[in-house]
Amino acid sequence: MINERNLPIFATLIVFMMLYGFGMYEYRGFRDTLVFTNLLTDNAFLIVTAIGMTFVILSGGIDLSVGSMIAFIGVLMAYLITSLGLHPLAAIAVAVLVGTLFGAIMGIIIAYFDLQAFIVTLAGMFLFRGLAYLINLNSVPINHPFVTALSDIYVPLPGRGGLTFIAMAMLTLLVIGIILARRTRFGMNVYAIGGDSHSAALLGVPVKKTTVKIYALSGLYSALTGVIFAIYTSSAYPLAAVGVELDAIAAVVIGGTLLSGGVGYVFGTFLGGMIQGVIQTLITFDGSLNSWWTKLAVGGLLLFFILLQKGIVTWAKRRTSPT
Amino acid sequence: MDLRAGEIRALLGENGAGKSTFIKVLTGVYERDQGTIHLDGQIIQAQDSGHAQRLGISTVYQEVNLIPSMSVTENLTLQQQDKTFGLISWKKAQKRAMALLAKVGLDIDPSKQLDSYSIAIQQLIAIARALSNDAKLLILDEPTASLDAGEIQQLFSLMKQLKEDGLGIIFVTHFLDQVYSITDSITVLRNGESIGTFDTAQLPRAELISHMVGKSLDDLAPASGQNRSQQPLETLLTIKNLGKQRFLQPIDLNIHAGEVVGLAGLLGSGRTEVCELAYGATKADQGETTLKGHVLTQGSLRSAIRTGMGYCPEDRKQDGIVAELSVRENMILALQASRGWWSPIPMVKQKELVEEMIKRLAIKTPDMDKPIGELSGGNQQKVILARWLITHPDLLILDEPTRGIDIGAHHEIIQIIQELCAQGMGLLVASSELEELVVFAHRVVVMKDRHKIAELDGEQVSEHAILQSIAS
């Protein structure tokens, strides 16, 4: 029997397949593998951020700083490569380290000063955006042979599609995320904290340490997003990725993760991100609709999913309450 | 205190006696400032509950402290997963979970979510988890509070089996019947001190209760029944067969105008439950409440207030005051609620009412706009009383009205109760302090294990009689 808590992720899968099926039925071009691989490439940055966000939301928290983090890391990376002349690999290593460290610091403040994640990461959101401007006010192109080589990597697939470097990076990070969530003690601790942090502490889960790790992980994933975004656009811009934190939260929730924590899957988040991409692609294929229709569809879906989750939770409660 | 392997020890005491503090020190949640704990002859010092578990002390709490949204397997193996190549192996975990469940005699599907099982099964799963790290000492903190009779028997047979396996068990409860049916010995705590440890078989029930409340039955001369047995006045409140499963056995109760009915009983006996059901703060699943001839809609507090009922809850901080609001705003709440939010009380009128109440109840506050949280406990309680008095209720339900307030205010509140009663109000007062109950109550309803076990009237009301009926 399907566990009722797994219903949202099945709903997500069905919505994704229906949207994709509709596209294949309606448009000849949609049937090509190119559409799918483009989806992977174009939504890689959103999905990678959202994977980090999944851990945060699973633990019952929120991270509003990821959008700014993406911009900051991109600008930092461009600065290290173009102004300081660092090799891109070294620049990426430094940037990712900085992102993880900043995430960990937010985690420490949240866990040890017992502050709300919303406020702490809101502060982070402003700080990182400000830091990005501090480094550079304008858009900077990143012209380094290594970066160009990375963005030129392409594994052709049957049909016209193929996997780009960032699509493969995203898929790798997705697999790591899934393993981390379901097959490690850290992952189980995240679920436990989100389920009931008081009980988790009594069961011996190191709640504070795990919380720091969660935000460090979100910092790491959003820093990697910054790197991917910079490679994707071959440039860095302090105003990049404004509002991506909200898109990421939407992807996580549409992916079936409970906003109150404890229930959800990383793979669901992948589907949640892909659904947003499919809607955008469908609107592009249609041609007559404005791209803002994406927002309308995503908003509607989001509403549908939170109502679905609420319904399931209420139903489950009623079923198990003593009669 | 010593505990042998294979012994079941009851830990008893009234509210605030120090039971939970004792457990928390034992399991390392609180740091102790003196004394030592020996386990198997070795001095131990648990740093936190995780460490205590590794040392062999496991605790199961009344509220099942597992993660409801995770599967049974995940709950049982949290923090002690079996790994293959550094990753959790769910196959091994499942096997381990099955083995643990078998220990407590459960045959269930461990891949299902924890909250798809009943509280009783969750309780057993919690015990299975507690046993998973070779526990030598098992602490059960009020495990039976939310179980029904059959489930309790299931738990008891498990406890007996564990005892035979050589486990030491500390069993915290306030159900005396259960103490006598399962434990070997009893340790009584009172006011943070250990009163002594006794053999269960050799301690009569009456003696146990007098140890718990700190008074011997012989010390209490039957008090004189002054100001009692008046003419029966009109019936104000009639409770018929009111009850809720796992909460309170159905009870009948009448309260007349100008009468104080006391609710006595040990902690957990059902005093508060009666108050909550009578007022409607908890929805009853059977029976009905009639006030002045009107049958109250179950679960509608507004109808209760409008018909003329008032309720001062036991936990003043949590359920009574709104700490950030001023004395005036706190006092006006109930009246405003009964009028509905569309007809606000004019400020002038509010001030007039509040001024009058501050004078009448001698509430000590510099002004009526001071946040109520800054007042002393006794004055807070008076404000809560005033909140109801300005609605001119016919019936007031007071749950522990004198808890946690100083002696002076204590006395004043008792006076207020007597005055209100003289004015013709009906009052239902739950209290753990028998001496104050017998002063003002015309009748006393004695509760035990969520049953009404006796009703003492007029001359019969005395501390002695109340204790005797609890003990019987």
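Everything below is about the structure shown above.
Residues numbered from 1 in each chain as written. Chains lettered and ligands numbered in written order. Predicted model: local features only at pLDDT ≥ 70, side-chain atom pairs only at ≥ 80, totals over all residues. Heavy atoms only, no water.

Visitor: Give me the overall build of chain A: which residues, what numbers.
Guide: What chain A contains, in helices and strands, is 14 helices and 4 strands. The C-alpha atoms of chain A give 20 Å as radius of gyration, which agrees with the globular expectation for 323 residues (20 Å, within 12%). Seen along its three principal axes, the alpha-carbon backbone of chain A occupies a region of about 70 × 55 × 35 Å. Long-range pairs, those at least 24 residues apart, make up 78% of the contacts in chain A with a sequence separation of at least 6. With an accessible surface of roughly 14,200 Å², chain A has 70% of that area assigned to carbon and sulfur atoms. Here chain A contributes 16 positive and 11 negative side-chain charges, whose respective centroids are spaced 11 Å apart. (Helix = DSSP H or I, 4+ residues; strand = E, 2+ residues; numbered from the N terminus. Rg over C-alpha atoms; globule rule 2.2 N^0.38 Å. Contact = heavy atoms within 4.5 Å. Areas by Shrake-Rupley, 256 points an atom, 1.4 Å probe, with all protein chains shown as cover. Lys, Arg positive; Asp, Glu negative; His and termini not counted. Charge placed at Lys NZ, Arg CZ, Asp CG, Glu CD.)

Visitor: Tell me about empty space enclosed by the protein, and name the residues and values.
Guide: Applying the stated rule across the entire model yields 5 cavities of 30 Å³ or more. In this structure, the largest cavity spans a volume of roughly 200 Å³. What lines the largest cavity is a set of 16 residues, among which Leu202(A), Leu203(A), Gln53(B), Thr59(B) and Tyr61(B) lie closest to the centre. For the lining of the largest cavity, the secondary structure elements donating two or more residues are helix H2 (49-55), strand E4 (57-60) and helix H5 (119-131) of chain B. Looking at which element gives the most residues to the lining of the largest cavity, the answer is E4(B), with 4 residues. Among the residues forming the lining of the largest cavity, the class breakdown is 9 nonpolar, 6 polar and 1 charged. Quantified by volume, the second largest cavity comes out at close to 70 Å³. Considering the residues around the second largest cavity, the lining is formed by His174(B), Leu176(B), Leu266(B), Leu267(B), Gly268(B), Ser269(B), Met447(B), Lys448(B), Asp449(B) and Ile470(B). (1 Å grid on protein atoms, 1.4 Å probe; cavity = no way out; pocket = protein on both sides within 12 Å on 5 of 7 lines; lining within 4 Å. Points joined across faces, edges and corners; volume = space filled by probe spheres on them. Nonpolar A, V, L, I, M, F, W, Y, C, P; charged D, E, K, R; others polar.)

Visitor: Go over the pairing of strand E10 (residues 193-199) of chain B, please, and point to the residues and values.
Guide: All names here are of chain B. Where strand E9 (residues 185-190) lies against E10, 6 bridges are found, and the strand directions are antiparallel. Paired with Thr 187 across the strands is Thr 197, a residue of E10. Between E9 and E10, which pair antiparallel in sequence order, lie 2 residues; one of them, Asn 191, sits at a positive phi of approximately 50 degrees. (Pairing = 2+ DSSP bridges.)

Visitor: Can you explain the interface of chain B and chain A? Please cite residues and give values.
Guide: The interface of chain B with chain A comprises 28 residues on the first partner and 28 residues on the second. Buried area between chain B and chain A, both sides added, is near 2,400 Å², and the carbon and sulfur share of it is 52%. Between the two partners, chain B and chain A, sit 1 salt bridge. For Arg182(A), the salt bridge goes to Glu74(B), with nearest N and O atoms at 2.6 Å. Summed over the shared surface of chain B and chain A, the number is 9 residue pairs in polar contact (both at pLDDT 80 or more). Mapped by element, the contributors of at least two residues to the side of chain B that touches chain A are H2, helix H3 (72-77) and strand E6 (87-88) of chain B. At 3 residues, the largest contribution of residues to the side of chain B that touches chain A is made by H2(B). Grouping the constituent residues of the side of chain B that touches chain A by class yields 10 nonpolar, 13 polar and 5 charged. (Buried area = accessible area lost by both parts, 1.4 Å probe. Salt bridge = Lys/Arg side-chain N within 4 Å of Asp/Glu carboxyl O. Polar contact = N/O pair within 3.5 Å; in protein donor to acceptor, adjacent residues only side chain to side chain.)

Visitor: Would you mind going over the layout of surface pockets in detail, with residue names and values included?
Guide: Residue and element names in this part refer to chain B. Here the second largest pocket is characterised by a volume of approximately 920 Å³. Lining the second largest pocket we find 33 residues, and of these Met 1, Asp 2, Phe 22, Leu 26 and Ile 37 sit closest to its centre. Elements supplying a minimum of two residues to the lining of the second largest pocket: helix H1 (19-26), strand E2 (37-39), strand E8 (168-172), E9 and E10. Looking at the lining of the second largest pocket, the element that brings in the most residues is H1, giving 4 residues. Of the residues belonging to the lining of the second largest pocket, the class tally is 14 nonpolar, 12 polar and 7 charged.

Visitor: So what's going on with the sheet that holds strand E1 (residues 8-12) of chain B? Residues and values would help.
Guide: Residue and element names in this part refer to chain B. Taken in spatial order, the 6 strands of this open sheet run E4-E7-E8-E1-E9-E10, and their pairing is mixed. Sheet topology places E4 and E10 at the edges, where each strand pairs with a single neighbour. Strand after strand, the sheet turns through a mean of 20 degrees between neighbouring axes, direction not considered. Here 4 bridges tie E1 to E8, and the two strands are oriented parallel to one another. Across the sheet, Leu 11 pairs through a bridge with Val 172, a residue of E8. Of the strands in this sheet, E1, strand E7 (137-141) and E8 are in contact with helix H6 (residues 149-164), which crosses E8 at around 150 degrees. (Axes fitted to C-alpha atoms, helices over the stretch in contact; angles between N-to-C directions.)

Visitor: Account for the nonpolar core, naming residues and giving values.
Guide: If you look at the biggest cluster of nonpolar residues, it comprises 131 residues, and the most contacted ones within it are Phe55(A), Ile125(B), Ile127(B), Leu138(B) and Met159(B). With residues up to four places along the chain from it excluded, the contact list for Met159(B) reads Ile8(B), Leu140(B), Ile169(B), Phe171(B) and Ile182(B). Residues Ala10(B), Leu296(B), Met331(B) and Leu420(B) belong to the second largest nonpolar core, which totals 96 residues. (Core = buried A, V, L, I, M, F, W, Y, C linked by side-chain atoms within 4.5 Å. Buried < 20%, exposed > 50% of the residue type's maximum accessible area, 1.4 Å probe, protein only.)

So, to be careful, I would describe these as geometric facts and stop short of saying anything about function.
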